[in-house]
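Chain by chain, the residues:
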Amino acid sequence: MHHCVLSPSESSYDKKMLKHTFFELLIFVTVFGSAHFFVLGGHISNAINMFEENRVELSLNSSPVIFGNIVDLACATESNFTNELQRTWTIKENGANICINGDCSDPIKYSVFQKDASTYILRINNFSMNDVNKWYRCSVGNVSDEIPIYLNEQNFEYHPNESEITVNTERKDGYLNVEIVIEKVFPYPVCTFKFDRLDLSSAVKTSKWNNGFLYSIELVIKNYFVGYTSATLNVNCKIGKYDTNVVSQDFHKTVNSEPMTGEANSEINLIVVVVIANSVLILTGVVLFISAERHCTKCCKRKTSEHNYHEFENNYSTHEL
């Protein structure tokens, strides 16, 4: 049996080969491990960025908020992965979800659309009293923000419709009467009254009261003399930032804007009767006075003549010839 004995030169060569192979393997493991670590590190970095950048800010995009109109809420985030996360709109008071990922519980009332890459809009149609004085929450993933939509006179307006405004006007014998009742309004309106160029605002008496969350108001002008000429009554009211014409009515030239009542006619008839009676009495007195004076004048003349005649006779008989 023969044994293979390596020479010193062969043994040195094998060691070198083994060492070379070891270093190649080490380099391969290092490169492969670095690549996997880089990929894994990228995923970790993305996850950290999602956590750090997913800050949510909710804001009211409509100003002023007008009841009956559309109101938009904007939910903004700096995250680049918003579409990969669940987006939820909630009413905080009852915890009810309005919309989830664009699907809304009441599509007629609510809708959601994307404004840009990181902003989503909740649109509330026909904004009403049921939508006010509530907290709204927007959630993107596990991060959320919420804001209150509470009624205030700076940012909210209720514009009354025609059925909520009652107007009564009249001009009688030159005197104007106006009564305006606005059943629902917010905030309180500031109104001006003009009869052509004549400003009647100082003659207006105002009454106000609460009507639920809203207000009611009564505006009255009573027996204000404006004359008989033709003119136009204009009543304009400013409700928040909104200007509206409440009354625009023409009055034609007239002496009496309305016929007199039976009571007024009776009073006038009585005055006429009294005047006629007084006139008759005065005329009768004048006639009697004139008759008495004429009678007195005749009597006095007759007596004077007779007295003078008798005096002549007496004088004639008593003197001697």
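Residues numbered from 1 in each chain as written. Predicted model: local features only at pLDDT ≥ 70, side-chain atom pairs only at ≥ 80, totals over all residues. Heavy atoms only, no water.

Here we take up the overall build of the protein chain. Looking only at helices and strands, the protein chain features two helices and 19 strands. Here the protein chain holds 321 residues, and the buried ones make up 25% of them. Taking the contacts inside the protein chain whose residues are at least 6 apart along the sequence as the reference set, 58% of them involve residues at least 24 apart. (Helix = DSSP H or I, 4+ residues; strand = E, 2+ residues; numbered from the N terminus. Buried < 20%, exposed > 50% of the residue type's maximum accessible area, 1.4 Å probe, protein only. Contact = heavy atoms within 4.5 Å.)

Scanning all chains against the criterion turns up three disulfides. Two residues, Cys-75 and Cys-138, share a disulfide whose sulfurs are 1.8 Å apart. The disulfide joining Cys-75 to Cys-138 has a torsion of about -80° about its S-S bond and is therefore left-handed. Taken together, the residues span a long stretch of sequence, with Cys-75 in strand β3 (residues 71-77) and Cys-138 in strand β9 (residues 134-140) at a distance of 63 residues. Considered together, Cys-75 and Cys-138 belong to a single accessibility category, that of buried residues. Covalently, Cys-99 is tied to Cys-104 through a disulfide, its sulfur atoms 2.0 Å apart. With the S-S dihedral at roughly 105°, the linkage between Cys-99 and Cys-104 falls on the right-handed side. Along the protein chain, the cysteines that take part in disulfide bonds pair up as 1-4, 2-3, 5-6, counted in sequence order. (Disulfide = S-S within 2.5 Å.)

Attention now goes to unusual backbone geometry. Of the consecutive residues Ser-63 and Pro-64, the connecting peptide bond is found in the cis state with omega at 0°. Checked against the element boundaries, Pro-64 lands in the loop between β1 (56-60) and β2 (65-66). In this structure, the amide linkage connecting Phe-186 to the following residue, Pro-187, adopts the cis form with an omega of -10°. Here Pro-187 is to be found in the loop between β13 (175-185) and β14 (190-195). Even without glycine at this site, Asn-126 takes up a positive phi of about 50°.

We now examine the sheet that holds strand β6 (residues 103-104). Taken in spatial order, the five strands line up as β6-β5-β4-β9-β10 in an open sheet, and their pairing is antiparallel. The open sheet terminates on both sides in strands that have one partner only, identified here as β6 and β10 (143-149). Here strand β5 (residues 96-100) pairs with β6 via two bridges, running antiparallel. From the neighbouring strand, Cys-99 faces β6, where its bridge partner is Cys-104. (Pairing = 2+ DSSP bridges.)

This part is about the environment of Asn-97. Within the secondary structure, Asn-97 sits in strand β5. For Asn-97, a relative accessible area of 40% gives the class partly exposed. When the C-alpha positions of Asn-97 and Arg-137 are compared, they lie 9.3 Å apart, and in sequence the two are 40 residues distant. Not counting residues within four places of it along the chain, the set of residues in contact with Asn-97 comprises Thr-88, Trp-89, Thr-90 and Ser-105.

Another aspect to go through is the side chain of Ser-62. In this fold, Ser-62 is placed in the loop between β1 and β2. Residue classification places Ser-62 among the buried positions, given a relative accessible area of 14%. There is a polar contact of 3.0 Å between the side chain of Ser-62 and the backbone nitrogen of Asp-72. The contacts of Ser-62, once residues within four sequence positions are left out, are Ile-70, Val-71 and Asp-72. (Polar contact = N/O pair within 3.5 Å; in protein donor to acceptor, adjacent residues only side chain to side chain.)

Once that is clear, we can look at the pairing of β3. Most of β3 sits out of view: six of its seven residues are buried. The pairing of β1 with β3 spans five bridges and is antiparallel. Pairing of Leu-58 across the sheet is with Cys-75, part of β3. By the bridge criterion, six bridges tie β3 to strand β8 (residues 119-124) in an arrangement that is antiparallel. What sits directly across from Asp-72, in β8, is Arg-123.

To continue, consider the UniProt feature "transmembrane region" (unreviewed entry) in the protein chain. Mapped onto this numbering, the UniProt entry gives "transmembrane region" (unreviewed entry) at residues 21-40 and 270-292. Helix makes up 100% of residues 270-292 and strand 0%, whereas the separation of the span's terminal C-alpha atoms amounts to 33 Å. (UniProt positions renumbered as here; feature names shortened; annotations may be inferred.)

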